[in-house]
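# Report on the structure
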Amino acid sequence: MTIPRLTPVQVAAGTTGARIVDVREPDEVATGAIAGSTAIPLGQLATRTGELDPATPVITVCQSGRRSQQAAEFLATAGFPVSNMAGGMNAWTQAGRPTV
């Protein structure tokens, strides 16, 4: 399964109209997250997909991109239009993007 990958610059541009879903654990999210993102830990994603609108594109994010790739594959299988942010929050902060 091929999941589109977006750069932090593309995600920050916000032109996709997507909802950003951060699949890191709460202690990781507490260190800094993308403004407006929704935190749903990967282990809870299967039981919390009802919180997402299947008509709204989703961008998955984690620390390095591995867990968010798993989340993106799961959501794609469930019928969501989904992309993964390449490099995760590591790439986001390296690109100088702000966190909240």
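Scroll up for the structure.
Report follows, based on the coordinates.

The rules behind each value
- Residues numbered from 1 in each chain as written.
- Predicted model: local features only at pLDDT ≥ 70, side-chain atom pairs only at ≥ 80, totals over all residues.
- Heavy atoms only, no water.
- Helix = DSSP H or I, 4+ residues; strand = E, 2+ residues; numbered from the N terminus.
- Rg over C-alpha atoms; globule rule 2.2 N^0.38 Å.
- Buried < 20%, exposed > 50% of the residue type's maximum accessible area, 1.4 Å probe, protein only.
- Contact = heavy atoms within 4.5 Å.
- Areas by Shrake-Rupley, 256 points an atom, 1.4 Å probe, with all protein chains shown as cover.
- Core = buried A, V, L, I, M, F, W, Y, C linked by side-chain atoms within 4.5 Å.
- Pairing = 2+ DSSP bridges.
- Axes fitted to C-alpha atoms, helices over the stretch in contact; angles between N-to-C directions.
- Salt bridge = Lys/Arg side-chain N within 4 Å of Asp/Glu carboxyl O.

## Some details on the overall build of the protein chain
Helix and strand content of the protein chain: five helices and five strands. In the protein chain, the succession of helices and strands from N to C terminus is β-α-β-α-β-α-β-α-β-α. Its C-alpha atoms give the protein chain a radius of gyration of 12 Å, near enough to 13 Å, the size a compact globule of 100 residues would have. Across its three principal axes, the protein chain shows a C-alpha extent of roughly 35 × 30 × 20 Å. A burial count over the protein chain gives 41% of its 100 residues as buried. At a minimum sequence separation of 6, the contacts of the protein chain that also span at least 24 residues come to 66%. Of the accessible surface of the protein chain, which amounts to about 5100 Å², a share of 53% is contributed by carbon and sulfur atoms.

## What to know about the nonpolar core
Counting residues in hydrophobic clusters, the biggest one holds 13 residues, and the most contacted among them are V21, L52, V58, L75 and V82. Examining the composition of this core, we find that three residues originate from one element, helix α4 (residues 66–77), more than from any other. Discounting residues that sit within four places of it in the chain, V82 has contacts with I3, P4, V58, T60, A72, L75 and A76. Ranked by size, the runner-up nonpolar core spans nine residues in total, among them V11, I59, V61 and M89.

## Brief notes about the sheet that holds strand β3 (residues 38–39)
Taken in spatial order, the five strands line up as β1-β5-β4-β2-β3 in an open sheet, and their pairing is parallel. Each end of this open sheet is capped by a strand with a single partner; those strands are β1 (5–6) and β3. Strand direction decides the pairing type here: β1 and strand β5 (residues 82–85), joined by two bridges, are parallel. By the bridge assignment, L6 is partnered in β5 with M85. Running over the sheet, α4 touches β4 (58–61) and β5 and is turned about 180° from β5.

## Section: the pattern of salt bridges
Opposite charge on two side chains makes pairing possible when the charged atoms of those side chains draw close. Per the counting criterion, the structure on display carries three salt bridges. Measuring nitrogen to oxygen at the nearest pair gives 2.7 Å for the salt bridge that ties R48 to E51. Overall, the relative accessible area of 39% leaves E51 in the partly exposed class.

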